[in-house]
Number of protein chains: 2
Amino acid sequence: MATERPSKLRVFSLNCWGIRFFSQLCTERYEMIGELLGREQHDIVLLQEVWSERDFLFLKRKLSSSHPHTHYFKSGVIGSGLAMFSRHRIQDALLYQYSLNGYPYMLRHGDWFGGKAVGLVIVDISGLKAHVYVTHLHAEYSRAKDEYLPHRTVQSWELLQFVRHTSCGADLVVLGGDLNMHPQDLGNRLLRSHTGLRDCYTETDTFDGCEDGHTLIADNHFTNNHDLVPFEKGIRIDYILMKGSQRVTVKCESLSTTKGPVADKPFPYSDHEALTAELSLLLSEDSRQHGSSGPLAVSEQMDVVTEAHAVVKEGLCQTEALRDKAIRLVLGALLLLLLLLAMAFLPCSCFCSYSTLGLLGAVCMSLLLSGALLYLLFITHIKVLKETEDQMMLTSNELQTKLTGCRLSGSSSFDGSPEL
Amino acid sequence: MATERPSKLRVFSLNCWGIRFFSQLCTERYEMIGELLGREQHDIVLLQEVWSERDFLFLKRKLSSSHPHTHYFKSGVIGSGLAMFSRHRIQDALLYQYSLNGYPYMLRHGDWFGGKAVGLVIVDISGLKAHVYVTHLHAEYSRAKDEYLPHRTVQSWELLQFVRHTSCGADLVVLGGDLNMHPQDLGNRLLRSHTGLRDCYTETDTFDGCEDGHTLIADNHFTNNHDLVPFEKGIRIDYILMKGSQRVTVKCESLSTTKGPVADKPFPYSDHEALTAELSLLLSEDSRQHGSSGPLAVSEQMDVVTEAHAVVKEGLCQTEALRDKAIRLVLGALLLLLLLLAMAFLPCSCFCSYSTLGLLGAVCMSLLLSGALLYLLFITHIKVLKETEDQMMLTSNELQTKLTGCRLSGSSSFDGSPEL
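Residues numbered from 1 in each chain as written. Chains lettered and ligands numbered in written order. Predicted model: local features only at pLDDT ≥ 70, side-chain atom pairs only at ≥ 80, totals over all residues. Heavy atoms only, no water.

Trainee: What is the right way to read the overall build of chain A from this model?
Mentor: Summing up its helical and strand segments, chain A has eight helices and 13 strands in all. Projecting the C-alpha coordinates of chain A onto the three principal axes gives extents of approximately 95 × 65 × 40 Å. Within chain A, the fraction of its 420 residues that count as buried is 57%. Partitioning the contacts of chain A with sequence separation of at least 6, the portion at a separation of at least 24 is 76%. For chain A, the computed accessible surface area is about 17400 Å², with 58% contributed by carbon and sulfur atoms. (Helix = DSSP H or I, 4+ residues; strand = E, 2+ residues; numbered from the N terminus. Buried < 20%, exposed > 50% of the residue type's maximum accessible area, 1.4 Å probe, protein only. Contact = heavy atoms within 4.5 Å. Areas by Shrake-Rupley, 256 points an atom, 1.4 Å probe, with all protein chains shown as cover.)

Trainee: I would appreciate a short explanation of the sheet that holds strand 6 (residues 117-125) of chain A in the present structure.
Mentor: Adjacent strands of a sheet pair through backbone hydrogen bonds, lying either parallel or antiparallel. Strand order in the open sheet formed by six strands is 5-6-7-8-11-9 (chain A), and the pairing between neighbours is mixed. At either margin of the open sheet sits one strand with a lone partner, and together these are strand 5 (89-97) and strand 9 (198-199) of chain A. As paired strands, strand 9 of chain A and strand 11 (residues 238-243) of chain A are joined by two bridges and run antiparallel to one another. Bridge pairing in strand 11 of chain A links Arg 198 of chain A to Met 242 of chain A. The sheet strands contacting helix 3 (residues 149-166) of chain B are strand 5 and strand 6 of chain A, and the helix crosses strand 5 of chain A at an angle near 110 degrees. (Pairing = 2+ DSSP bridges. Axes fitted to C-alpha atoms, helices over the stretch in contact; angles between N-to-C directions.)

Trainee: Please clarify how the interface of chain A and chain B should be interpreted in this entry.
Mentor: Interfaces are frequently sized by the accessible area removed from exposure as the parts join. Chain A puts 49 residues into the contact, and the matching count from chain B is 49 residues. Approximately 4200 Å² of surface area, both sides summed, lies buried where chain A meets chain B, with 56% of it carried by carbon and sulfur atoms. Area buried by chain A at its contact with chain B is led by Lys 74, His 165 and Leu 394 of chain A, which between them contribute 15% of it. At the junction of chain A and chain B, the tally comes to six salt bridges. Where Asp 92 of chain A meets Arg 164 of chain B, a salt bridge forms, and the shortest distance between an N and an O atom there is 2.4 Å. Inspection of the region where chain A meets chain B yields 20 residue pairs in polar contact (both at pLDDT 80 or more). Elements represented by at least two residues in the side of chain A that touches chain B include exactly strand 3 (69-72), strand 5, strand 6, helix 3 (149-166) and helix 8 (354-409) of chain A. Top element by residues in the side of chain A that touches chain B is helix 8 of chain A. It accounts for 19 residues. For the side of chain A that touches chain B, the per-class residue count stands at 20 nonpolar, 17 polar and twelve charged. (Buried area = accessible area lost by both parts, 1.4 Å probe. Salt bridge = Lys/Arg side-chain N within 4 Å of Asp/Glu carboxyl O. Polar contact = N/O pair within 3.5 Å; in protein donor to acceptor, adjacent residues only side chain to side chain. Nonpolar A, V, L, I, M, F, W, Y, C, P; charged D, E, K, R; others polar.)

Trainee: How should the nonpolar core be read in this particular structure?
Mentor: Counting 80 residues, the largest nonpolar core has Leu 159 of chain A together with Leu 159 of chain B as its most contacted members. If sequence neighbours within four positions are ignored, Leu 159 of chain A has contacts with Tyr 98, Val 118, Thr 135, Leu 137, Leu 175, Leu 179 and Leu 191 of chain A. (Core = buried A, V, L, I, M, F, W, Y, C linked by side-chain atoms within 4.5 Å.)

Trainee: I tried to follow the relation of the copies chain A and chain B on my own but got confused; where do I start?
Mentor: To go from the first copy of the chain to the second, apply a rotation about an axis and then a shift along the same axis. Between chain A and chain B, the superposition needs a rotation of 180 degrees and an axial shift of 0.0 Å, giving an RMSD of 0.0 Å. When the rotation and shift are considered jointly, the pair of chain copies conforms to a two-fold rotation axis. Counting the interface residues of chain A, we find that 100% of their copies in chain B are interface residues as well, pointing to one common contact surface. (Least-squares fit on C-alpha atoms with pLDDT ≥ 70 in both.)

Trainee: Quick question: what am I supposed to make of the confidence of the model for chain A here?
Mentor: For residues with low pLDDT, the predicted coordinates do not support detailed interpretation. Residue and element names in this part refer to chain A. Summary statistics for chain A give a mean pLDDT of 88 and a share of 90% for residues scoring 70 or more. Below a pLDDT of 50 lies the segment residues 287-295, which in the model reaches 24 contacts outside its immediate sequence neighbourhood of four places, other chains included. Confidence estimates for the predicted assembly give a pTM of 0.89 and an ipTM of 0.87. (pLDDT = per-residue confidence, 0-100.)

Trainee: Help me understand the pairing of strand 13 (residues 275-283) of chain A, please; the structure alone is not making it clear to me.
Mentor: Successive residues of a regular strand alternate their side chains across the two faces of the sheet. All names here are of chain A. For strand 13, the buried fraction is high: seven of the nine residues fall into the buried class. Note that strand 12 (residues 248-257) and strand 13 share nine bridges and pair antiparallel. From the neighbouring strand, Thr 257 faces strand 13, where its bridge partner is Leu 275.

Trainee: Sorry if this is basic, but what is going on with a nonpolar patch on the surface here?
Mentor: Residues and elements named next belong to chain A. A contiguous nonpolar patch, built from Ile 327, Leu 331, Leu 334 and Tyr 375 and spanning about 320 Å² of accessible area, is present on the exposed surface. Tallying contributions element by element places helix 7 (residues 298-345) first for the nonpolar patch, with three residues. Examined against the element boundaries, Ile 327 turns out to sit in helix 7. Under the relative-accessibility criterion, Ile 327 is labelled partly exposed at 31%. (Patch = residues over 30% accessible without salt bridge, like charges linked within 9 Å, V, L, I, M, F, W, Y side chains within 5 Å.)

Trainee: Would you mind going over the pattern of salt bridges with me for this structure?
Mentor: Pairs may arise between side chains of opposite charge once their charged atoms sit close together. In total, this model carries 48 salt bridges over all chains according to the counting rule given. Of the charged contacts, one joins Glu 253 of chain B and Lys 8 of chain B as a salt bridge, the two residues approaching to 2.7 Å between their closest N and O atoms. Of this pair, Glu 253 of chain B sits in strand 12 (residues 248-257) while Lys 8 of chain B sits in strand 1 (residues 6-15), and the two are 245 residues apart along the sequence. Classification of Glu 253 of chain B by relative accessible area gives partly exposed; the value is 27%. Among the ionic pairs, Lys 265 of chain B bridges to Glu 35 of chain B, the shortest N-O distance being 3.2 Å. Taken together, the residues Lys 265 of chain B in the loop between strand 12 and strand 13 (275-283) and Glu 35 of chain B in helix 1 (residues 26-40) connect sequence positions 230 residues apart. The network of salt bridges with common partners includes Arg 10, Glu 40 and Glu 278 of chain A.

Quick look at the structure:
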């Protein structure tokens, strides 16, 4: 490939809403998605919420000629839901499962059962090494009282750390997926500022899609409009991010979204809108002057880490409170058990039969077991939150060192990437 | 630092056997370990089985002047046990917790409760970027019937993938820890052949230590000689591995181990022997000719992946059998529960009181819950094993492509690193 010869890369991302027996018209929608992908022949297809392997295999068969290279990331109880289809050869794959992902007892939310993760595939695009990431973060069920904010912040931190540490040596980095965060949410700022990834929506030359790039819209057949309040117009939570390297300048030439209803079809592809980005790749000996990504200024990085650290600290307090509740449950159950034992051995003064005592004992044992399991869960979470805090503090110190060095040298154009 | 100017790096690794209230003479041994480290002033200290944060904090205080930079990796229920002390500035840290690590119900083994992981710290050594890894893999409780072999193989795979994908850009790579594998065990060969890491013991110019570099020896006060059978002389399961880069040639000048008893002390530092490696770093524009590490030939890499794949496949079969047992437990408990319900509603024909029925019902519920939890555990394991299989197949295909290319080009000196 000669220097300065431009090349294109078409990237597609969609949250498929593929919960079997729950998501509406799953089979029909996968049929439509398969048709779309076969017709459009994007270079890279990043799918989320492909919860059933059967659906993945259906798409794999359907796209066997257009996208012969695939990877389906497996983790958690029901899988990660992440799938990747490529027209170019996949050289390697790696999965990082997020350490925090909700609670197993929150059955109606269910995020815990999907092993939310970030998947990396290394794709050979005509000799260029593209590191392609696909991810799906914990959902936000209430914006006003978001109990999962610390979990999503830890996930954002782990995502950015994973991207920073595994993208070295890539000619091109692409990240797509459902981040479950608005564009200016903390985790999004954290991710962009510390990886240098740029948002295709804000960078694109031309855009054709929903207003403000929304990917959850009221005009979608499957959307529960109540979920959008107070953002009646819609929300943008699905993204394609990109970054070049010294060898390759990457630019988003066009970005489009689906717009709810699909022509000649009775319903949309999913409850999310799909994104398609057309990226231009420009080879160059040193492409930094062409706008190849660089992280924001160090002080901005410091600010966003400080903000994230506060959220993690708050999450730690909440989790410690939950752990203490679990301890109280264990102690309460133990006390009741002792009381029952005492009653069983009190001569004549029994108020109830041995069988009833046994039944009550079994209830106490269940409480004891539940308390112990919850305790284990929460102390594991505390470990993760503390580890994240430590890593954030290391990064803050490193940024502080850079900032001091920067001020001493008087350089105002200092590129403050901690790693890149 | 001028080109060709040599520099030294002293690395220390020890499994501290720090299980509070279980490991013998824990406090006294930490006192001794602290003294040794303060006196010897190694550049990098890698510790495993520092299970209690209190013990880490004790060492941190004790070494605050000799080793001002530290990181304690937190994960799992009781922690990862991994700690790192450095005389050089730590720039960043990252933790990868292994996806498979035994079973929670194997209480007498207990590995599951420690969140076994690999920790990475990036250390700035006079302008050189050293990626330092510390890890501890699942123990081998029976060599003849090693039920954890698939778990340790998956851990080895995840370790090599983590090292491969996060060490790009490093001037120098060091990995230390308790791998719980003999030198020629599958996981060890997998790790070395796919990362290009070299074993300090086989590479060192001079060696002073136990016979054959053993780190579990009969002559250690804390060793249960029964555990060594049939390797009465000892076993080598602790390692320091190293790798240079194009910029730096790394060489092991000397390696030493402790030899059980410690002069002037009544007992050894731990039930493992400690390792100390003295590495020489030689700066060069292109150090490959100086013996900087390169992975083994592609065909050898293929062979070892194929062997590992077979172990993972076998592990998958075993885990599927366990999952089926869990299903049978759930179904059995459900059947019993239905039987009890029927008995409760049968008029007059009750053989026992409602309280007894309730008690039996509670027992059934416990069985049902246990079965369901085990089912969740095993299907999570199956997901991990399948993901590992997929990644191994990708690597095999990639190696096959390289091998074909290599044969076509007729090059016999082909460097077959898949990633490096």
